[in-house]
Amino acid sequence: MTARFTTKMERRLRAILKTSELPKGLGTYQNPSSMAAINLAISEELVPYVPDCMSLVIGKWVLIMNDAVPHCIRNSKRWKKALPLAAKSGQDHEEHRANILVEWLWNDIMPLPQNAADLTGLGREWHTLLEQRSSDAAGAVYLKALRKAERDCDLTANRLEAITANAGAVARRQRAIVSGEGTPEDFVKIGIRSAEAALCAANDRILESADMVWRELDPCDLLERLCQPPDPQ
């Protein structure tokens, strides 16, 4: 797999995106998914793998987001315009991208289910989680949501349980990074877990409108920011 996304590949990708309607899943040669379109431009293969020329953090996040976001976002001009930038993003600034996704999780995703947590009897614990942003606080909410989901067959508690599991995983990975022990796997897992938390938060069992949630989370803006290199120190 190439480690360089050439100008020719970029032109090919832009042509594919111009004529394609990006679907969920892998798609077809005529209408490939976001990641499949990138691979078609590189190797003419319809595969969902993250190429070597692309950030693994961005790639794993895009794979989940492609299936999570509404059709109108996945096929918007902004999303398609950002994909060539993602394709040539490289793997030199993965910690920077992981940090962006950590802030996205805590600032944008986790406040969304607060009302649902209030109605489920988890409001105080959820507020503490938002303040502490720790794996311990996430664990406390997770256990209480798990018990309520099992006892009352509460679907909202079940979904809150899933969100806090992802938030706790991100908090543990972030703690390793802050302590100087972060690994490339930690950076990638933050991308995966933050995307999965967003997917859970957008579920209509918690909130009235998934489309409204995705407008607030603005994945196109986030993808653009992930593709930008960090400011020089």
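Whatever comes next refers back to the structure up there.
All figures in this text were calculated on a predicted structure; none of them were measured in a lab.

K.L.:
Before we move on, could you go through the overall build of the protein chain and cite the residues and values that matter?
P.N.:
From N to C terminus, the protein chain includes 13 helices and zero strands. Of the regular secondary structure in the protein chain, the N- to C-terminal order runs α-α-α-α-α-α-α-α-α-α-α-α-α. The C-alpha atoms of the protein chain give 18 Å as radius of gyration, which agrees with the globular expectation for 233 residues (17 Å, within 12%). Overall size of the protein chain, expressed as C-alpha extent along the three principal axes, is 55 × 40 × 25 Å. Here the protein chain, with 233 residues, has 52% of them falling under the buried criterion. Of the contacts made within the protein chain by residues no fewer than 6 positions apart, 66% connect residues no fewer than 24 positions apart. On the protein chain, roughly 11400 Å² of surface is accessible, and the fraction owed to carbon and sulfur atoms is 49%. Put simply, the protein chain has 30 plus and 31 minus side-chain charges, and the middle of one group is 5 Å from the middle of the other.

K.L.:
Could you give me a rundown of the pattern of salt bridges, with the residues and numbers involved?
P.N.:
A full pass over the atoms with the stated rule returns twelve salt bridges. Between K144 and E125 there is a salt bridge, with its nearest N and O atoms 2.7 Å apart. One end of the pair, K144, is in helix α9 (residues 135-152); the other, E125, is in helix α8 (residues 123-132), and 19 residues separate them in sequence. The exposure class assigned to K144 is partly exposed, which follows from its relative accessible area of 29%. For the salt bridge of D152 with R151, the shortest nitrogen-to-oxygen distance reads 3.3 Å. Beyond isolated ion pairs, a larger network of salt bridges with shared partners links R78, D218, D221, E224 and R225.

K.L.:
Break down the packing of aromatic side chains for me, citing the residues and quoting the values.
P.N.:
Summed over all chains, the structure comprises two aromatic pairs. Considering the side-chain rings of W61 and W79, the 6.1 Å spacing of their centres and the 40° angle between planes classify their relative orientation as tilted. Highlighted residues: W61 in helix α3 (residues 56-68) and W79 in helix α5 (residues 77-87), separated in sequence by 18 residues. Exposure remark for W61: the relative accessible area of 0% places this residue in the buried category. A residue is classified by how much of its surface remains accessible, and W79, at 0% relative accessible area, is buried. Aromatic rings pair up to connect W61, W79 and W104 into one cluster.

Basis of the calculations
- Residues numbered from 1 in each chain as written.
- Predicted model: local features only at pLDDT ≥ 70, side-chain atom pairs only at ≥ 80, totals over all residues.
- Heavy atoms only, no water.
- Helix = DSSP H or I, 4+ residues; strand = E, 2+ residues; numbered from the N terminus.
- Rg over C-alpha atoms; globule rule 2.2 N^0.38 Å.
- Buried < 20%, exposed > 50% of the residue type's maximum accessible area, 1.4 Å probe, protein only.
- Contact = heavy atoms within 4.5 Å.
- Areas by Shrake-Rupley, 256 points an atom, 1.4 Å probe, with all protein chains shown as cover.
- Lys, Arg positive; Asp, Glu negative; His and termini not counted.
- Charge placed at Lys NZ, Arg CZ, Asp CG, Glu CD.
- Salt bridge = Lys/Arg side-chain N within 4 Å of Asp/Glu carboxyl O.
- Phe/Tyr/Trp six-rings, centres within 6.5 Å; stacked < 30°, edge-to-face > 60°.

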